[in-house]
Every structure is written in structure tokens, then in C-alpha cells.
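Residues per chain, in single letters:
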Amino acid sequence: MRLRPEVLALVGYKQGKPADTDAFKLSSNENPFEPIPEVLKAIADSSNVNRYPDAAGTQLRDRLAARFGVTRDEVHLGAGSVSILAQLIQAAAGAGDEVIYAWRSFEAYPGLVTVAGATSVLVPTTADARHDLPAMLAAITDRTRVIIVCSPNNPTSTIVTKDEFATFMREVPSDILVILDEAYIEFVTDETAVDGRELSRVYPNLVVARTFSKAYGLAGLRIGYAVGPEYILDAARTASIPLSVTDTAQRAALVSLDHEKVLLERVGRLSALRDEVWTALLEQGWDVPRPHGNFVWLATGQATERAVEVFAAAGVVVRPLYPEGIRVSIGESHSVEKLLKAAAEVVRTLPTEG
Ligand SMILES: *Cc1c(COP(=O)(O)O)cnc(C)c1O
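Not measured: the values here are computed from a predicted model.

Undergrad: Could you give an account of the site of the ligand, naming the residues involved and the relevant values?
TA: Residues in close proximity to the ligand total 13 residues, the closest being Ser-81, Tyr-184, Thr-211, Ser-213 and Lys-214. Tyr-184 is positioned such that a nitrogen or oxygen atom in its side chain is 2.6 Å from an oxygen atom of the ligand. In the complex, the protein chains occlude 94% of the 380 Å² of accessible area that the ligand would expose alone. Here the shell around the ligand is composed, by residue class, of 5 nonpolar, 5 polar and 3 charged.

Structure follows, in C-alpha cells:
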């Protein structure tokens with residue numbers, strides 16, 4: 001049996017470790033709040049699962065189109081925004097083509113690019129863990145087909161500003177697809193941050209990807225969406241596995257939009273908690289970039305393995321991203337004390353560099 005060597009060489013996607021029953025699972029950037037009753041009701045009402053879902057997702061796409069000021073055809077649904085990223089990459093990049101993204105950025109990108117048959121071009125983030133957009137521009141070649149910009153960036157939690165993004169888009173050739181991955185946009189409180197909602201129809205080569213997994217707490221139902229030019233999204237639809245967005249997920253997303261006020265109030269509480277955690281980490285002596293997602297990035301470097309153990313011993317499961325550091329999600333408010341206790345212990349023993 002001959003399998004593709006580049007696929008065999010990939011490290012499979014590692015899910016956050018399941019936490020012990022009494023430990024906090026802060027390794028997958030999940031929303032710690034239980035689903036609102038209206039969402040649970042929508043799920044319970046799924047008496048039609050013997051039928052295939054509405055492939056067009058008309059109702060939800062219309063709702064999203066109205067908020068973005070675009071047409072239904074300029075909105076695309078996927079079973080999580082990761083599946084939309086996969087479709088877009090497959091639609092635009094094949095063997096010999098290059099896909100540029102920052103590193104570190106989202107762990108899923110390398111695999112998506114490789115499976116499409118294309119080549120990843122990793123552009124290191126700046127010293128303060130932000131996208132180096134000028135360096136990403138400099139990495140463009142005549143093989144470049146896609147550039148992914150992740151803001152807030154997973155795992156470093158840093159943003160790209162509106163101005164930085166505008167300058168960048170002015171320089172990117174318009175025949176290169178730019179994907180703005182905004183999985184955590186709802187947690188952003190900094191008004192200088194890029195916001196894909198303001199960019200609908202501004203660029204002929206920009207697709208904005210968002211998800212119901214994080215802020216809206218529907219990670220387990222798998223639903224995300226993209227907004228962008230119709231012909232690009234048509235190509236993504238062609239590259240998609242048919243009928244992978246369930247009716248249950250579509251209905252839960254619609255109900256979530258109906259009850260957005262409650263959900264975004266929760267998001268606001270998580271963002272406030274994040275800012276408190278950040279301040280406390282700075283006071284402990286950590287050098288942490290200002291976080292904008294529902295997670296913080298600790299550059300533990302060589303001490304990453306030990307840091308994971310210290311957090312685990314304190315009852316906190318974190319995501320190690322070797323060899324650079326650990327990502328810790330903002331979860332239940334009563335997890336913070338444990339998080340900070342472990343962080344204090346790690347920073348005390350961290351070898352100081354330079
Ligand atoms: C979580 C995440 C997504 C989307 O996840 P889905 O559950 O597939 O919608 C996309 N991009 C980044 C950077 C993420 O962290």
C-alpha cells in the first residue's frame with residue numbers, strides 16, 4: 001500500500017488532552033459556559049435527523065448576509081471554519097503552489113496545505129509574537145496562491161491592526177487569495193484591530209472566515225462561515241464535502257444569533273477575565289503579548305515540558321506548542337486562581353534569556 005509520504009510525515013491534529021474530572025481543561029479555547037436553554041431546545045427538537053440537511057443553508061446564510069451587508073451567495077457555511085479553510089486552500093492551491101502564513105499560527109494550517117498538495121511558506125512572527133506583514137509580503141513569489149492572516153492569532157493572541165491590514169492588502173497582488181481567519185474576533189475589545197465585517201466587498205481577493213465554535217459556544221456542533229466574493233466561495237462550495245453542515249447546527253446557530261445579547265455578554269466577561277489574567281501575569285514578571293482572544297500565550301521555550309507538568313499538578317490542562325510555549329484558555333472564573341498559581345511557579349524558575 002502506497003500512501004502519500006507527505007501525509008504520513010504530518011503529525012496528526014492533536015486535540016487538547018481530556019482533563020481529569022477535577023482539572024480545568026484550558027487547552028482547546030473552548031467556551032466554558034453551558035449552552036443557553038434555547039440552544040438546548042433547538043438541539044432537542046432535531047426530530048428530522050433521518051433526513052439530509054438543507055444543503056443551501058438558506059436561512060442562516062440570509063441572516064449572516066444581512067449583518068455583513070452582502071448577498072446570500074457571498075456567504076458560505078461549513079462544518080466549522082476549519083473545513084472552509086480546507087476548501088479554500090484546495091480550491092486555490094495545488095501541487096507546486098505556495099501558501100503563506102505566520103508561524104506560529106494555527107496548528108491546523110500546515111496539515112491543510114499539505115493535504116491540498118501545496119507547500120507551506122512559514123513567516124516567523126515578530127519578537128512580540130505578532131504577524132510580520134511586511135515579511136509576509138516579501139515572501140510572495142509567482143507560486144503564491146493563498147495568504148492566511150489570523151487575527152487574533154492562535155496561539156499568540158495578538159492582533160493585526162486595521163491600518164496594518166490595509167497597507168498589506170494594498171501590496172498583495174489581487175490574484176492571490178487572502179483569508180482573514182477571525183475565529184476569535186468576538187473577544188476583541190481593541191478598536192484598532194482589523195474587523196472583517198468592515199471589509200465586505202472592499203477587496204476582490206479577500207475572504208473572511210468566522211466560527212460559532214468559540215464565542216458562541218457551539219464547538220461540538222461544527223458550524224462556521226465565510227464571507228467573500230461569490231466566485232471564490234463558489235469554488236469553496238465545489239471543493240466541499242456535500243451536506244456536512246447539519247440542520248441541528250444551522251438551527252443552533254440561528255437561535256444563537258436570536259439570543260446574541262446573552263452570549264456576547266458572556267464573551268465580554270471572558271474578555272474582562274482575560275485582561276485581569278494578563279495584568280496578573282505581567283505583575284508576576286511574565287513577558288506576555290497583550291492577548292485579544294480567549295487565551296493567553298506563555299513563551300516558556302525550553303521549559304515548556306516542565307511548565308505543562310506544573311500546570312497539570314495545579315489542576316490545569318494547557319496546550320503545549322513545542323518548542324515555543326504554552327497556550328492557556330480563559331475558562332471558568334474559578335480556574336483563574338489555579339492558572340495564576342501555576343504561572344507564578346513556572347516564571348520563578350524560568351531561565352532568563354540574554
Ligand atoms: C478554533 C479555530 C478555528 C475554527 O474552528 P472550527 O471549530 O472549525 O470552526 C479557525 N481558526 C482558528 C485559528 C481557530 O483557533
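Undergrad: So, the pattern of salt bridges: which residues are in play, and what are the values?
TA: A side chain of one charge can pair with a side chain of the opposite charge when the charged atoms of the two come close. Going through the model one piece at a time under the given rule, you end up with 20 salt bridges. Put simply, Arg-4 and Glu-6 hold a salt bridge, and the shortest N to O gap is 2.9 Å. For Arg-4, a relative accessible area of 36% gives the class partly exposed. Given a relative accessible area of 34%, Glu-6 falls into the partly exposed group. Taking the shortest distance from any N to any O, the salt bridge between Arg-319 and Glu-107 comes out at 2.7 Å. Of the two residues, Arg-319 is situated in strand S11 (residues 319-321) and Glu-107 in the loop between strand S3 (98-103) and helix H5 (108-115); the sequence distance between them amounts to 212 residues. For Arg-319, a relative accessible area of 5% puts it in the buried group. One connected set of salt bridges, linked through shared partners, spans Asp-97, Arg-143 and Arg-145.

The rules behind each value
- Residues numbered from 1 in each chain as written.
- Predicted model: local features only at pLDDT ≥ 70, side-chain atom pairs only at ≥ 80, totals over all residues.
- Heavy atoms only, no water.
- Near = heavy atom within 4 Å.
- Polar contact = N/O pair within 3.5 Å; in protein donor to acceptor, adjacent residues only side chain to side chain.
- Areas by Shrake-Rupley, 256 points an atom, 1.4 Å probe, with all protein chains shown as cover.
- Nonpolar A, V, L, I, M, F, W, Y, C, P; charged D, E, K, R; others polar.
- Salt bridge = Lys/Arg side-chain N within 4 Å of Asp/Glu carboxyl O.
- Buried < 20%, exposed > 50% of the residue type's maximum accessible area, 1.4 Å probe, protein only.
- Helix = DSSP H or I, 4+ residues; strand = E, 2+ residues; numbered from the N terminus.

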